[in-house]
Amino acid sequence: PVAMINNILLLFIGWDIDLKRKQIKLKTKLTMCFIFLALLIVGIMFGASNLLLEGSFKDYVHTKHVALGETIAKNLSKQYIDNIWNYSGVNSVCNLAEQQGMLIEVFDKNDNLINGLDNHHSNSHNNHNTEESLYNGEYIVEKFDIISNGEYIGYVALIYNEPFFY
């Protein structure tokens, strides 16, 4: 069996091992080093590319959320006419955001809830630590000012749960 194992290794892999004297020939040592080095390089490349892609994807998702938040704030600013909120229009904007997987809360300039999640208000409104909670599976709250005719009229809190897009 020892000779058979040695013949199989020599035939298929190119390794020549003298099992009786427990010596490995130089050609076999070089081949094993080459294989180890190739596996190490492939592993490093895989790990580095995975980290880069994951970071880029998180940045992409965050950019999309910011763009969505700015769009929602712009649409909500159109619902403030003659210093009065159009509650039906605000509700429509909130429903459209919910269909896209986002929850939003709308507050006026006095910090009164116009439309949103009453039972979630205390948790989301006080969570100002969005950078530290980003991408660790917690609720993330991003706030966008609502401006109408150059005047600050309130803000919208965009609420989502990561990892929503993973």
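Scroll up for the structure.
Residues numbered from 1 in each chain as written. Predicted model: local features only at pLDDT ≥ 70, side-chain atom pairs only at ≥ 80, totals over all residues. Heavy atoms only, no water.

**Focus on helix α2 (residues 26–77)**
Then step 1. Along its 52 residues, α2 runs 76 Å from first to last C-alpha, staying within 8% of the 76 Å computed at 1.5 Å per residue.
Then step 2. Inspection of α2 places T28, V61, H65, L68, G69, I72, A73, L76 and S77 among the buried residues, and these make up the whole buried set. (Helix = DSSP H or I, 4+ residues; strand = E, 2+ residues; numbered from the N terminus. Expected span 1.5 Å × (residues − 1). Buried < 20%, exposed > 50% of the residue type's maximum accessible area, 1.4 Å probe, protein only.)

**What about helix α3 (residues 87–99)?**
Then step 1. Between its first and last C-alpha atoms α3 spans 18 Å; for 13 residues at 1.5 Å apiece the expected length is 18 Å, and the two agree.
Then step 2. Every buried residue of α3 is listed here: G89, V90, V93, C94 and A97. In a view along the axis of α3, the buried residues occupy a sector of 140°, so they form one face of it. Residues of α3 that are exposed and point more than 90 degrees away from the buried face comprise Y87, S88, L96 and Q99.
Then step 3. Those residues of α3 that are buried lie in contact with α2, β4 (84–85), β5 (103–108) and β6 (113–115).
Then step 4. Of the residues one or two after α3, G101 is the one with positive phi, at around 90°. (Arc of directions from axis to C-beta. Contact = heavy atoms within 4.5 Å.)

**Comments concerning the pattern of salt bridges**
Then step 1. In total, this model carries two salt bridges according to the counting rule given.
Then step 2. Notably, a salt bridge pairs E54 with K58, separated by 3.3 Å at the nearest N-O pair. Note that E54 and K58 are positioned in helix α2 at a spacing of four residues, about one turn of the helix.
Then step 3. Residue classification places E54 among the partly exposed positions, given a relative accessible area of 37%. (Salt bridge = Lys/Arg side-chain N within 4 Å of Asp/Glu carboxyl O.)

**Observations concerning the packing of aromatic side chains**
Then step 1. Summed over the entire model, instances satisfying the criterion amount to three aromatic pairs.
Then step 2. Centroid distance F107 to Y155: 4.8 Å. Interplanar angle 20°. Geometry classified as stacked. Taken together, the residues span a long stretch of sequence, with F107 in strand β5 and Y155 in strand β8 (residues 151–161) at a distance of 48 residues. (Phe/Tyr/Trp six-rings, centres within 6.5 Å; stacked < 30°, edge-to-face > 60°.)

**Quick look at the environment of N95**
Then step 1. Tracing the chain through its elements places N95 in helix α3.
Then step 2. On the accessibility criterion, N95 (36% relative accessible area) is partly exposed.
Then step 3. Counting along the chain gives 21 residues from N95 to G116, while the straight-line C-alpha distance between them is 10.0 Å.

**Examining the environment of N115**
Then step 1. The topology assignment puts N115 in strand β6.
Then step 2. With 11 residues separating them along the chain, N115 and I104 place their C-alpha atoms 8.1 Å apart.
Then step 3. In this structure N115 touches V90, N91, C94, I104, E105 and V106, once residues within four positions along its chain are discounted.
Then step 4. Of the polar contacts made by the side chain of N115, one reaches the side chain of N91; its length is 3.4 Å. (Polar contact = N/O pair within 3.5 Å; in protein donor to acceptor, adjacent residues only side chain to side chain.)

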